[in-house]
Amino acid sequence: MSANLKIIGVLTSGGDAPGMNAAIRAVTRAAIGQGIRVKAIYRGYKGLIDGEVTEFTSQDVSGIIQRGGTIIKSARCTEFQTREGREKAYQTILKEQIDALVVIGGDGTFTGGRLFAQEYDIPVIGLPGTIDNDLWGTDATIGYDTSLSTITECIDKLRDTATSHERIFLVEVMGRDAGFLTLNAAIAGGCEAAIIPERTSVMEQIEDAIGNGRRKSKNSAIVLVQEHAVEGGANAVAQMVEKEHPEYSTRVTVLGHLQRGGSPTAFDRILASRMGVAAIQALLDGQRNVMVGIQNDDIVLVPLSKAIHQKKDVKEDKWQAMLTLSI
Ligand code: F6P
């Protein structure tokens, strides 16, 4: 057990994700339970630079497990990408006597945390908090399950109007560079096609979607378009479809930040709770610069470098299932 662990800092950074609050609660209570003090850093790395730090008691995290967003706010901080910014952040670490950091976020959060850990020799534990599910070494990230459910609910609603008006809906889904949300939502929503960065056959897929519709005497379709799979997003795809098939009427729905909000699902609450407890245990065990992940329902520790740099691919059977079931 690490004797030097008296105070930890916790922050959320990058895009918020449902379940981040459950993670903050778990980290706080698990630490306090071990006699470790917890300092919440507001607005991610920006708050670390600016010294926006408040000590948390167990009561400060009461009643938040069911709340979306993050009570300690989040930000994307370019200043932390500079050496000067990180030096300022380190001054806060010294002033607040923080011995280790738990950072909750995605790829950018871990990249910054890892660099900081290396430069200033401070243990950093990452909790994967992002709707994108794009971190290697964990089957799921906190927020992904909730977002997937939200998107599926939206598709169900769009289905009603798509079939009533016999239209093709192009629905733009978030995910940064990854198609996990899009592909899985396409399966869950029974969509006719999904356009994701990991597979490139854009027009081919759309042709299939339209062709499939015809075969079934179905004159409507819902095609999910991952936000960065095609330049111009769902609007550009709609234009392509209208050009090739002027007989079809298209509509575009950009789901946008709706996908990031809402009360976390039970899955995300449990995942965040387990990961938060594991983060404190990892620090007590002397671990540093690792991400807490989940694999086959087991908590695992993965080097931050691997979580960031290794590519997590979509499962081929899911892609095939989506194609097979879209006829
Ligand atoms: O990483 C989460 C995410 O929601 C991505 O899916 C999306 O590309 C990005 O953040 C949007 O970021 P912002 O809220 O800063 O516009």
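The paragraphs below set out a description of the structure included in this document. All figures in this text were calculated on a predicted structure; none of them were measured in a lab.

## Structural notes on the site of the ligand
Okay, step 1: Around the ligand, the neighbouring residues are R76, T130, I131, D132, M174, G175, R176, E227, H257 and R260.
Okay, step 2: Between an oxygen atom of the ligand and a main-chain N or O atom of G175, the distance comes to 3.0 Å.
Okay, step 3: One nitrogen or oxygen atom from the side chain of E227 is found 2.5 Å from an oxygen atom belonging to the ligand.
Okay, step 4: Notes on the ligand: free accessible area 390 Å², of which the protein chains cover 75%.
Okay, step 5: A molecule is said to occupy a pocket when more than half its atoms come within 2 Å of that pocket's grid points, and by this definition the ligand occupies the largest pocket.
Okay, step 6: Residues of the shell around the ligand, tallied by class, amount to two nonpolar, three polar and five charged.

## A word on the sheet that holds strand β6 (residues 168-173)
In sheet architecture, strand pairing relies on hydrogen bonds along the backbone and comes in two forms, parallel and antiparallel.
Okay, step 1: One open sheet holds the four strands; their spatial order is β7-β8-β6-β9, and the pairing between them is parallel. In this open sheet, the two strands that pair with only one neighbour each are β7 (193-195) and β9 (250-254). Between one strand axis and the next, the sheet turns by 20° as a mean value, whatever way the strands run.
Okay, step 2: Looking at chain direction, β6 and strand β8 (residues 221-226) are connected through six bridges and run parallel. In the strand pairing of β8, L170 is matched with V223.
Okay, step 3: Lying over the sheet, helix α6 (residues 180-188) contacts β6, β7 and β8, oriented at roughly 165° with respect to β8.

## Section: the environment of G137
Okay, step 1: Within the secondary structure, G137 is located in the loop between β5 (124-128) and α5 (144-165).
Okay, step 2: Take G137: its relative accessible area is 11%, and that puts it in the buried class.
Okay, step 3: Linking G137 and A22, residues 115 residues apart in sequence, is a C-alpha distance of 21 Å.

## Some points on the pattern of salt bridges
Okay, step 1: Applying the stated criterion across every chain, the model contains 15 salt bridges.
Okay, step 2: For D50, the salt bridge is made with K46, and the minimal N-O distance between the two is 2.7 Å. Residue D50 and its partner K46 are located together in helix α2 (residues 44-50), separated by four residues, close to a single helical turn.
Okay, step 3: Take D50: its relative accessible area is 43%, and that puts it in the partly exposed class.
Okay, step 4: Measuring nitrogen to oxygen at the nearest pair gives 3.8 Å for the salt bridge that ties D132 to R176. With D132 in the loop between β5 and α5 and R176 in the loop between β6 and α6, this pair connects stretches of sequence that are 44 residues apart.
Okay, step 5: On the basis of relative accessibility, which here comes to 11%, the residue D132 falls in the buried class.
Okay, step 6: Taken together, the salt bridges that share partners define one network made up of D107, D132, D134 and R176.

## Some remarks on the packing of aromatic side chains
Okay, step 1: A complete count under the given rule lists four aromatic pairs for this structure.
Okay, step 2: Judged by centre distance (3.9 Å) and plane angle (0°), the rings of Y45 and F80 are stacked. Of this pair, Y45 sits in helix α2 while F80 sits in the loop between β3 (53-56) and α3 (83-96), and the two are 35 residues apart along the sequence.
Okay, step 3: The interplanar angle of 55° and the centroid separation of 5.4 Å between the aromatic rings of F80 and F116 together place this pair among those described as tilted. Here F80, found in the loop between β3 and α3, pairs with F116, found in helix α4 (residues 107-120); they are 36 residues apart in sequence, far enough to count as distant. Each of the two residues, F80 as well as F116, counts as buried.
Okay, step 4: Taken together, Y45, F80, Y90, F116 and Y120 form an aromatic cluster joined through their ring pairs.

## A look at the side chain of T138
Okay, step 1: Tracing the backbone through its elements, the reader meets T138 in the loop between β5 and α5.
Okay, step 2: Residue classification places T138 among the buried positions, given a relative accessible area of 2%.
Okay, step 3: For T138, the side chain forms a polar contact with the main-chain oxygen of A140, separated by 2.8 Å.
Okay, step 4: Those residues in contact with T138, other than ones at most four positions away along the chain, are P128, N133, M275, M291, G293, I294 and K312.

## As for the pairing of strand β1 (residues 7-12)
Okay, step 1: The element β1 is largely enclosed, with a buried count of six among its six residues.
Okay, step 2: Burial along β1 is two-sided: the residues I7, G9 and L11 and I8, V10 and T12 are all buried.
Okay, step 3: Inspection of the sheet shows β1 paired to strand β2 (residues 37-41) by four bridges, in the parallel sense. Its bridge partner being in β2, I8 is matched across the sheet by V38.
Okay, step 4: After leaving β1, the chain enters helix α1 (residues 20-33) and then returns to the sheet as β2, a path that is right-handed.

What counts as what
Residues numbered from 1 in each chain as written. Predicted model: local features only at pLDDT ≥ 70, side-chain atom pairs only at ≥ 80, totals over all residues. Heavy atoms only, no water. Near = heavy atom within 4 Å. Polar contact = N/O pair within 3.5 Å; in protein donor to acceptor, adjacent residues only side chain to side chain. Areas by Shrake-Rupley, 256 points an atom, 1.4 Å probe, with all protein chains shown as cover. 1 Å grid on protein atoms, 1.4 Å probe; cavity = no way out; pocket = protein on both sides within 12 Å on 5 of 7 lines; lining within 4 Å. Sits in = over half its atoms within 2 Å of the grid points. Nonpolar A, V, L, I, M, F, W, Y, C, P; charged D, E, K, R; others polar. Pairing = 2+ DSSP bridges. Helix = DSSP H or I, 4+ residues; strand = E, 2+ residues; numbered from the N terminus. Axes fitted to C-alpha atoms, helices over the stretch in contact; angles between N-to-C directions. Contact = heavy atoms within 4.5 Å. Buried < 20%, exposed > 50% of the residue type's maximum accessible area, 1.4 Å probe, protein only. Salt bridge = Lys/Arg side-chain N within 4 Å of Asp/Glu carboxyl O. Phe/Tyr/Trp six-rings, centres within 6.5 Å; stacked < 30°, edge-to-face > 60°. Right-handed = clockwise from strand over helix to strand, strands pointing away.

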